[in-house]
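Next come the chains, spelled out residue by residue.
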Amino acid sequence: MAEDSFIVSPTRKHTGTIIFLHGLGENGENWKLVLSKMVKPNIKVICLNAPKIPLTLNKGFPTAAWFDLASLDENKMEDESSILRAVDKLHDIIDEEIASSKVSATKTMLAGFSQGGALAMYAALTYHKRLAAVCVMSSWPVIRHTMPDAAINNTNTPTLQCHGTEDPVIFYKWGLILSEALKEMNPNKYEFKAYEGLGHAVNDQELQDVKNFINKIFP
């Protein structure tokens, strides 16, 4: 999975890394273009591509997804084994990137949109090293019944969560459920931003907020 990605390479000495996970059915190409306009020349951005898997939500049709989904109803059963396999793979990718680049975990940000953000958030909380920051957009809490017990790390790491109030896919109320859990675990370095009238997408204000957050983490 690590090799299957779109990368923004640093043009100066590499001092920070962002690993980004796209949403369901996407790939990393568009996010590479978006994030390339946000980062300074010393930052590397890795926009991973999810594998195509038979997606239950899509009647078993192969879809780019980080883990299987049967429903977008937060009260339905989750495929926990599929989620945890994806978490393990992402942890391995982070470890590999740190080892190869010699840029530490404390200089590595994990970020994502929608399903990618949901995975990024759970992976950050269960990763064995402290990260520089976490940023999630239009996401929801996966395997939330395991929290906060499963959170072994990054509960005091700078975290930005963004969500549109009119999201018809990942409802705003699901973003608020994630927000409440994160606020409880991370009362000091967690920030939530809502965007009035925004659907399952990003707008200019959200992108500016994300850019400001990135540049605060990597000055």
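Residues numbered from 1 in each chain as written. Predicted model: local features only at pLDDT ≥ 70, side-chain atom pairs only at ≥ 80, totals over all residues. Heavy atoms only, no water.

Some thoughts on unusual backbone geometry
Residue P148 follows M147 across a cis peptide bond; omega there is 5°. With respect to the helices, strands and loops of the structure, P148 is situated in the loop between strand 7 (133–137) and strand 8 (159–164). Backbone geometry at S114 places phi at a positive 55°, although glycine is not the residue there. Here S114 lies in the loop between strand 6 (108–113) and helix 3 (115–125). Even without a glycine there, the phi angle at I143 is positive, about 40°. (Helix = DSSP H or I, 4+ residues; strand = E, 2+ residues; numbered from the N terminus.)

With respect to the packing of helix 2 (residues 80–101) against helix 3
It is at 9 Å that the axes of helix 2 and helix 3 come closest, and there the two elements cross at 70°. As summarised for this structure, helix 2 and helix 3 are arranged roughly perpendicular, according to the angle between their axes. Crossing of helix 2 against helix 3: the hand is right-handed. Residues I83, L84, A86, V87, L90 and H91 of helix 2 pack against L119, A120, Y122 and A123 of helix 3. (Axes fitted to C-alpha atoms, helices over the stretch in contact; angles between N-to-C directions. Parallel < 35°, antiparallel > 145°, perpendicular 65-115°, else oblique. Left-handed = near helix turned anticlockwise from the far one by under 90°. Contact = heavy atoms within 4.5 Å.)

A few points about the pairing of strand 8
The buried count for strand 8 comes to 6 of 6 residues, which makes it a mostly enclosed element. Burial of the side chains of strand 8 extends over both faces: T159, Q161 and H163 are buried on one face and L160, C162 and G164 on the other. Pairing of strand 7 with strand 8, which is carried by 4 bridges, proceeds in the parallel orientation. Bridged to V134 within strand 8 is T159. When strand 8 meets strand 9 (residues 190–195), the two strands line up parallel, connected through 6 bridges. Across the sheet, residue L160 finds its bridge partner in strand 9, namely E191. (Buried < 20%, exposed > 50% of the residue type's maximum accessible area, 1.4 Å probe, protein only. Pairing = 2+ DSSP bridges.)

Section: the packing of aromatic side chains
Within the structure shown, the criterion is met by 5 aromatic pairs. Considering the side-chain rings of F20 and W31, the 4.6 Å spacing of their centres and the 35° angle between planes classify their relative orientation as tilted. Taken as a pair, F20 in strand 2 (residues 16–21) and W31 in helix 1 (residues 29–36) lie far apart in primary sequence, 11 residues in all. Judged by relative accessible area, which is 2%, F20 ranks as buried. Note on F171 and W174: the rings are 5.0 Å apart at their centroids and 55° apart in plane angle, and the pair reads as tilted. Its relative accessible area of 37% is what places F171 among the partly exposed residues. What makes W174 buried here is its relative accessible area of 6%. (Phe/Tyr/Trp six-rings, centres within 6.5 Å; stacked < 30°, edge-to-face > 60°.)

Observations regarding the side chain of K44
Locating K44 in the fold gives a position in strand 3 (residues 43–48). In this structure K44 comes out as buried when scored by relative accessible area, which is 17%. A polar contact of 3.2 Å, which involves the side chain of K44, links it to the side chain of E97. Non-local contacts of K44, meaning those with residues more than four positions away in its chain, are made with I7, V8, P10, H14, G16, T17, I18 and E97. (Polar contact = N/O pair within 3.5 Å; in protein donor to acceptor, adjacent residues only side chain to side chain.)

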